[in-house]
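Chains, contacts and geometry: an overview
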Amino acid sequence: MKNKILKKLTELERQHHIKIFHAVESGSRVWGFSSQDSDYDVRFLYYHQPKWYFSISKQADNLVKMEENNLLDFAGWELKKALNLLLKGNMSLYEWIHSPIVYKQTDEFPHFQALAQEFYNPKALVFSYAGLAENNYKAYADKEKPKLKKYLYILRTLAACRWIEQQQTPPPIEMDKLKEVFRQDSLIWDFLNKLIEEKKKGTELGIIDSPVLINRWIEEQLSYYTSFATSLPDLVKDTAPLSNFFYKTVMEI
């Protein structure tokens, strides 16, 4: 499958006249609880030729492509968009940067990664993780027969919030590492491990009975981490390093 993915990335570069400098796997295959019918979520960062940036027309800052009967899901962000999302502490971008399954990296990426470390924003990241948990909970989990993968998404994002709070470092991507924050909470620990095993054995459409105690705990955590994020200091930094990296990368093609 990796060869197919690399071939498609090369095709995207040729078709859109771009350079992809970072491409990874995202989603359940990286988190460690992919099911039998999980697709491949390929995420990438790219930039254009210099003349693209001087157009007066509105330009698309992302690329999306489905292949192999939707088995291969490609999505990428243009460099300027990615740098702005980095500044905002975007959760998805953070996970793309730290994904352990790498398809492609070029010389530009270590510099981009260093900027991500320099502009690490725990306040924005907690808000991002807690916001996603809340959206998933309201839309999917608080139902009579919710999909089990939605609870995995909720607990994973809340685990990331707890990791940032307790460890004061960016959270790991892999669930086997991240779930350790719940080891002393037997209710969540047992429920989460059961969900992971069921997800690995089942399909994307698996459902469970709505767990009342778990729902109550989730609601308490959502409230807590919203308040916690609010209490964290704002990140105030000179953005010149981001602009300099953008200019140097694009103009020195």
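In what follows, the accompanying structure is described. In this text the structure is predicted, and so the values were computed from the model without any measurement. (Residues numbered from 1 in each chain as written. Predicted model: local features only at pLDDT ≥ 70, side-chain atom pairs only at ≥ 80, totals over all residues. Heavy atoms only, no water.)

**Some details on the packing of aromatic side chains**
Evaluation of the coordinates by the stated rule reveals 14 aromatic pairs. Considering the side-chain rings of Trp31 and Phe33, the 5.7 Å spacing of their centres and the 45° angle between planes classify their relative orientation as tilted. On the accessibility criterion, Trp31 (13% relative accessible area) is buried. A relative accessible area of 0% means that Phe33 is categorised as buried. Judged by centre distance (5.6 Å) and plane angle (80°), the rings of Phe182 and Trp217 are edge-to-face. One end of the pair, Phe182, is in the loop between helix H8 (175–178) and helix H9 (186–201); the other, Trp217, is in helix H10 (residues 212–231), and 35 residues separate them in sequence. For the pair Phe182 and Trp217, one class covers both residues: buried. Chaining the aromatic ring pairs together yields one cluster made of Phe21, Tyr47, Phe112 and Phe245. In this structure, Lys150 is placed above the aromatic ring of Tyr140, and the distance from its NZ or CZ to the ring centre is 4.0 Å. (Phe/Tyr/Trp six-rings, centres within 6.5 Å; stacked < 30°, edge-to-face > 60°. Buried < 20%, exposed > 50% of the residue type's maximum accessible area, 1.4 Å probe, protein only. Helix = DSSP H or I, 4+ residues; strand = E, 2+ residues; numbered from the N terminus. Lys NZ or Arg CZ within 6 Å of the ring centre and 35° of its normal.)

**Examining helix H11 (residues 240–251)**
The end-to-end C-alpha distance of H11 is 16 Å, a good match for the 16 Å that 12 residues give at a rise of 1.5 Å each. Where the residues of H11 are buried, they touch strand E2 (40–48), strand E4 (72–78), helix H3 (79–87) and helix H5 (108–118). (Expected span 1.5 Å × (residues − 1). Contact = heavy atoms within 4.5 Å.)

**Let's talk about the layout of surface pockets**
If you add up the space inside the largest pocket, you get close to 420 Å³. The wall of the largest pocket is formed by 21 residues, among which Ser26, Gly27, Trp31, Leu132 and Tyr153 lie closest to the centre. Ranked by residue count, the leading element in the lining of the largest pocket is helix H7 (residues 148–167), at 5 residues. Tallied by class, the residues present in the lining of the largest pocket amount to 5 nonpolar, 7 polar and 9 charged. (1 Å grid on protein atoms, 1.4 Å probe; cavity = no way out; pocket = protein on both sides within 12 Å on 5 of 7 lines; lining within 4 Å. Points joined across faces, edges and corners; volume = space filled by probe spheres on them. Nonpolar A, V, L, I, M, F, W, Y, C, P; charged D, E, K, R; others polar.)

**Considering the sheet that holds E2**
Overall, mixed pairing links the 5 strands, which are arranged E3-E4-E2-E1-E5 in an open sheet. This sheet does not close on itself; its edge strands, each paired only once, are strand E3 (62–67) and strand E5 (102–105). Each adjacent strand pair in this sheet contributes to an overall mean axis angle of 20°, direction not counted. Pairing of strand E1 (residues 18–26) with E2, which is carried by 8 bridges, proceeds in the antiparallel orientation. Bridged to Lys19 within E2 is Tyr47. Across the sheet, H5 touches E1, E2 and E5, and the angle it forms with E1 is around 60°. (Pairing = 2+ DSSP bridges. Axes fitted to C-alpha atoms, helices over the stretch in contact; angles between N-to-C directions.)

**Observations regarding the packing of H7 against H10**
At a closest axis distance of 11 Å, the pairing of H7 and H10 adopts a crossing angle of 40°. By the angle between their axes, H7 is oblique relative to H10. For the pair H7 and H10, the crossing hand works out as left-handed. Together, Tyr151, Ile154, Leu155, Leu158, Cys161, Arg162 and Glu165 of H7 and Ile214, Asn215, Trp217, Ile218, Gln221, Leu222, Tyr224, Tyr225 and Phe228 of H10 make up the contact between the two elements. Here the residues of the contact of H7 with H10 are counted per class, giving 12 nonpolar, 2 polar and 2 charged. (Parallel < 35°, antiparallel > 145°, perpendicular 65-115°, else oblique. Left-handed = near helix turned anticlockwise from the far one by under 90°.)

**Focus on the environment of Gly202**
With respect to the element layout, Gly202 can be found in the loop between H9 and H10. Once the C-alpha coordinates of Gly202 and Ser34 are considered, the two residues, 168 residues apart in sequence, prove to be 9.3 Å apart. Apart from residues no more than four positions distant in its own chain, Gly202 is found in contact with Ser35 and Gln36.

**A few points about the pattern of salt bridges**
By the definition in use, this model includes 13 salt bridges. Residue Glu13 is joined to Lys104 by a salt bridge in which the shortest nitrogen-to-oxygen separation is 2.8 Å. Residue Glu13 is found in helix H1 (residues 2–16), and its partner Lys104 is found in strand E5; the two are separated by 91 residues along the sequence. When its relative accessible area of 16% is taken as the criterion, Glu13 is described as buried. Here Lys104 falls in the partly exposed class, since its relative accessible area comes to 23%. Taking the shortest distance from any N to any O, the salt bridge between Asp41 and Arg43 comes out at 3.8 Å. (Salt bridge = Lys/Arg side-chain N within 4 Å of Asp/Glu carboxyl O.)

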